[in-house]
Amino acid sequence: MTRSERLLMGPGPSNPYPEVMKALSEPVLGHLDPEFIALLDETNDYLRTVWQTSNSLTFPISATGSAGMEAAFVNFVKPGDCVVVGVNGVFGTRMCDVATRAGAEVVKVEEDWGRAIDPQRLLEAHPDPALIAVVHAETSTGIRNDIAPLGENKGGALLLVDCVTSLGGIPVLTDDWGIDIAYSGSQKCLGVPPGLSPITISERAMEHLIPTPQSWYLDLNMIKDYVLGDGARAYHHTAPISMLYALHAGLETVLGEGLKETWARHQSCGDYLHEQLPELGFDLWAQEGHRLPELTTVTLPEGLDDAQGRKILLERYGIEVGGGLGPVAGKVWRIGCMGHTARIENIDRLLTALKEVKSELC
Ligand SMILES: *Cc1c(COP(=O)(O)O)cnc(C)c1O
């Protein structure tokens with residue numbers, strides 16, 4: 001099985017759209033070249049559509065989703081600020097860590113892994129938090145947390161949402177839901193390789209921007225002069241030109257198909273997978289009603305060894321699926337169905353492989 005035949009159905013990178021791989025081989029321009037600046041501006045316009053926002057500060061951070069998470073906290077959280085964080089998986093846990101390092105007094109609202117967090121619990125966790133943070137799509141468990149009720153009732157708090165595995169895969173309605181700060185990653189549902197973190201910041205959040213955040217590289221005060229600057233763009237760092245071509249091409253592919261149509265494709269692939277997997281003996285693990293179409297978690301049939309099963313899938317069939325994390329390590333699999341990967345024929349390829357692996361090992 002050659003590398004180009006790999007089917008990435010893990011929780012990490014999805015298969016990029018073919019147009020994206022072509023864009024990566026385009027000639028490199030300078031990061032202050034007017035032609036490149038125009039492409040960046042257009043990319044940010046596309047991002048506003050994908051985020052469903054009119055926020056002027058909407059752009060890709062030059063690093064992966066984790067840098068988006070870090071930028072989202074360090075620019076808005078001062079030492080001593082109260083930050084309420086929803087924790088029902090790896091990425092909520094990581095948010096607590098990042099907020100703590102930024103000096104926040106973190107109030108954790110925990111829920112069992114595999115279950116969604118009740119928004120009311122987040123809203124009642126503290127009378128007057130500076131910020132409420134939650135993960136929209138928990139990649140470690142396949143759970144979707146509700147966002148709209150948080151925006152509606154956040155009061156004076158800023159609402160910060162991790163949309164790394166939701167943007168481009170399921171509806172993310174930044175403005176309608178009252179999200180103030182949100183970040184994503186290029187490699188999940190957007191169908192681009194890893195390396196960029198689209199972020200969007202509301203005008204309300206901009207009023208809370210810290211003048212000199214702890215991080216120099218992620219300081220939005222400086223980056224915004226490059227992103228929003230009029231013609232005279234101030235140099236802050238060298239934009240990763242080829243990755244921006246790739247993101248531009250990925251967003252053009254998504255918007256060319258139609259954002260709603262892209263969501264619908266992810267949903268119908270998820271629905272198909274959720275219907276077929278239990279028939280093969282792989283029971284759905286995440287709470288019903290909150291299951292992500294783009295990341296499905298299943299328990300393993302009796303007798304199927306986690307490591308051995310995934311090794312055969314990868315080596316013989318060229319299909320990558322992810323293992324369980326934390327409390328369910330070794331007990332569940334995480335099946336991604338994102339971006340260009342989200343096609344019925346890819347699910348059929350997986351189902352055929354699962355059937356054969358199961359009859360061989362069980
Ligand atoms: C993948 C992921 C991240 C981290 O993004 P990287 O691109 O791996 O740095 C953060 N949050 C969630 C929900 C993720 O799925």
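Not measured: the values here are computed from a predicted model. (Residues numbered from 1 in each chain as written. Predicted model: local features only at pLDDT ≥ 70, side-chain atom pairs only at ≥ 80, totals over all residues. Heavy atoms only, no water.)

Undergrad: Can you tell me about the site of the ligand, naming the residues and giving the values?
TA: Taken together, the residues surrounding the ligand are Thr64, Gly65, Ser66, Phe91, Val135, Ala137, Thr139, Asp162, Val164, Thr165, Gln187 and Lys188. A distance of 2.5 Å separates an oxygen atom of the ligand from a polar side-chain atom of Ser66. Within the side chain of Thr139, an N or O atom sits 2.3 Å from an oxygen atom of the ligand. Surface burial for the ligand is 89%, taken as the share of its 380 Å² of free accessible area covered by protein chains. (Near = heavy atom within 4 Å. Polar contact = N/O pair within 3.5 Å; in protein donor to acceptor, adjacent residues only side chain to side chain. Areas by Shrake-Rupley, 256 points an atom, 1.4 Å probe, with all protein chains shown as cover.)

Undergrad: Outline helix H8 (residues 220-228), listing residues and values.
TA: If you check which residues of H8 are buried, you get Leu220, Ile223, Tyr226 and Val227. An end-on view of H8 places all buried positions within 120° of arc, on one side of the element. Summarising the contacts, the buried residues of H8 are in contact with helix H2 (34-51), strand S2 (57-61) and strand S10 (197-201). (Buried < 20%, exposed > 50% of the residue type's maximum accessible area, 1.4 Å probe, protein only. Helix = DSSP H or I, 4+ residues; strand = E, 2+ residues; numbered from the N terminus. Arc of directions from axis to C-beta. Contact = heavy atoms within 4.5 Å.)

Undergrad: Describe the sheet that holds strand S8 (residues 158-162), naming the residues involved and giving the relevant values.
TA: Whether parallel or antiparallel, the strands of a sheet pair through hydrogen bonds between backbone atoms. The strand order across the open sheet built from seven strands is S2-S10-S9-S8-S5-S3-S4, with neighbouring strands paired in mixed fashion. Strands at the two margins of the open sheet, each flanked by one partner only, are S2 and strand S4 (105-110). Across the sheet, the axes of successive neighbouring strands diverge by a mean angle of 15°, strand direction being ignored. Relative to S10, strand S9 (residues 181-183) runs antiparallel, the two sharing three bridges. Across the sheet, residue Ile181 finds its bridge partner in S10, namely Ile201. (Pairing = 2+ DSSP bridges. Axes fitted to C-alpha atoms, helices over the stretch in contact; angles between N-to-C directions.)

Undergrad: Account for the sheet that holds strand S13 (residues 322-323), with residues named and values stated.
TA: Here three strands make up an open sheet; going across it, the order is S11-S14-S13 and the pairing antiparallel. Because the sheet does not close on itself, it has two edges, and the strands there are strand S11 (295-299) and S13.

Undergrad: Hey, could you go over empty space enclosed by the protein for me, with residue numbers and the actual values?
TA: A water-sized probe, rolled over the atoms, reveals where empty space remains. Inspection of every chain in the model, using the stated rule, returns two cavities of 30 Å³ or more. Within this model, the largest cavity holds a volume of roughly 90 Å³. Taken together, 13 residues form the lining of the largest cavity, with Leu40, Phe59, Pro60, Ser62 and Tyr226 sitting closest to its centre. For the lining of the largest cavity, the secondary structure elements donating two or more residues are S2 and H8. Classifying every residue of the lining of the largest cavity by side-chain character gives eleven nonpolar, two polar and no charged. Its boundaries defined by the atoms lining it, the second largest cavity holds a volume of some 40 Å³. What lines the second largest cavity is simply Gly142, His274, Leu284, Trp285, Ala286, Arg291, Leu292, Leu295, Thr296 and Thr297. The dominant element in the lining of the second largest cavity, judged by the number of residues it contributes, is S11, at three residues. Looking at the lining of the second largest cavity residue by residue, the classes come out as five nonpolar, four polar and one charged. (1 Å grid on protein atoms, 1.4 Å probe; cavity = no way out; pocket = protein on both sides within 12 Å on 5 of 7 lines; lining within 4 Å. Points joined across faces, edges and corners; volume = space filled by probe spheres on them. Nonpolar A, V, L, I, M, F, W, Y, C, P; charged D, E, K, R; others polar.)

Undergrad: I'd like a rundown of the pattern of salt bridges, residues and numbers included.
TA: A complete count under the given rule lists twelve salt bridges for this structure. In this structure, Arg233 and Asp41 form a salt bridge, with 2.9 Å as the shortest nitrogen-oxygen distance. Within this pair, whereas Arg233 is found in the loop between H8 and helix H9 (241-257), its partner Asp41 is found in helix H2, the two being separated by 192 residues in sequence. For Asp41, a relative accessible area of 29% corresponds to the partly exposed category. A salt bridge links Arg265 to Glu257, with the shortest nitrogen-to-oxygen separation between them at 2.8 Å. (Salt bridge = Lys/Arg side-chain N within 4 Å of Asp/Glu carboxyl O.)

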